[in-house]
Amino acid sequence: MHILFDQAELSYGPVVALKPLSLSLHEPRIGVIGLNGSGKTSFARLVNGLAKPTRGRVTLDGLDTVADEKAVIAVTGFIFQNPGHQIILPIIRDDIALGPLSRGLKGRDLEERVEAALARFGLTDLASRRPHELSGGQLQLAALAAVVVNRPKLILFDEPTNQLDLRNRARVKAAIEALEEQAIVISHDLDLVRDFSRVLVFHEGALAFDGAGVDAIARYREIAAC
Ligand SMILES: Nc1ncnc2c1ncn2[C@@H]1O[C@H](COP(=O)(O)OP(=O)(O)OP(=O)(O)O)[C@@H](O)[C@H]1O
């Protein structure tokens, strides 16, 4: 999708979380890095319309996140930092079915869609389990299955490897790399975005760098050292 920020700003009362930003993004993988409180989550929430710009506008393929809110929700998916907050039904398969079910899919069509999503992330044998019976990495993949089953064009990840060990980090990294969908990945785990062609560095609510992963990480290290 073509993501366009046109002087978009986000304030919470007197706090300017993101200063007016103009930006055009279309790459399949976009990384977002920066210090705590630098505006990364605010940026992501503006992209998927969870937050409305207090000034300016944000569009996805021409869809305005305010005027076309429902259409924007339909084409975007969000993976939270803690997948435990995302999976709400007691059984994994039922949770993955929830989105398509609420969009009117039924019977064999629903079953096939859910099984395909489970298979895509190697979760078929775990589908009858409860969330607490999965490892952190498996839970993150289940959250991803519950998002892709709705066929979004763009998926936003907010620190998807935050609580994971090295093996599960690698699994989630591989799953993100293999996605057909466009992805925006916010991360303090720099390995995750190192190979991305486009990585944004935020600092104090403004874009401090916009470029290839390796260069963005170098800039972020300079900022962090100050
Ligand atoms: N709901 C809110 N109300 C008031 N201020 C907020 C709110 N959400 C975020 N902020 C403030 O906006 C600024 C940017 O926050 P944001 O969550 O976008 O940063 P971040 O880069 O995602 O941080 P982190 O890495 O810690 O998740 C911070 O100063 C934060 O305190």
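Okay, so let's go over this structure. (Residues numbered from 1 in each chain as written. Predicted model: local features only at pLDDT ≥ 70, side-chain atom pairs only at ≥ 80, totals over all residues. Heavy atoms only, no water.)

Section: the site of the ligand
Surrounding the ligand, one finds Y12, A17, L35, N36, G37, S38, G39, K40, T41, S42, E159 and H188. A distance of 3.1 Å is found between an oxygen atom of the ligand and a backbone nitrogen or oxygen belonging to S38. Bound to the protein, the ligand loses 60% of the 640 Å² it would expose on its own. Counting residues per element, the shell around the ligand draws most heavily on helix α1 (residues 40–47), which supplies three residues. Counted by class, the shell around the ligand contains three nonpolar, seven polar and two charged residues. (Near = heavy atom within 4 Å. Polar contact = N/O pair within 3.5 Å; in protein donor to acceptor, adjacent residues only side chain to side chain. Areas by Shrake-Rupley, 256 points an atom, 1.4 Å probe, with all protein chains shown as cover. Helix = DSSP H or I, 4+ residues; strand = E, 2+ residues; numbered from the N terminus. Nonpolar A, V, L, I, M, F, W, Y, C, P; charged D, E, K, R; others polar.)

Overview of α1
Within α1, six of the eight residues are buried, which leaves it mostly tucked inside the rest of the structure. G49 sits one or two residues past α1 and shows a positive phi near 80 degrees. (Buried < 20%, exposed > 50% of the residue type's maximum accessible area, 1.4 Å probe, protein only.)

Topic: the sheet that holds strand β8 (residues 182–186)
With mixed pairing, six strands are arranged side by side in an open sheet as β6-β7-β8-β3-β9-β10. In this open sheet, the two strands that pair with only one neighbour each are β6 (76–79) and β10 (206–211). Along the sheet, successive strands turn relative to each other by an average axial angle of 20 degrees, direction set aside. As paired strands, strand β3 (residues 29–34) and β8 are joined by four bridges and run parallel to one another. If you follow R29 over to β8, its bridge partner there is A183. Packed onto the sheet, α1 meets β3, β6, β7 (154–158), β8 and β9 (198–203) and runs at close to 155 degrees relative to β8. (Pairing = 2+ DSSP bridges. Axes fitted to C-alpha atoms, helices over the stretch in contact; angles between N-to-C directions. Contact = heavy atoms within 4.5 Å.)

Read these as layout, nothing more, since geometry by itself doesn't imply function.
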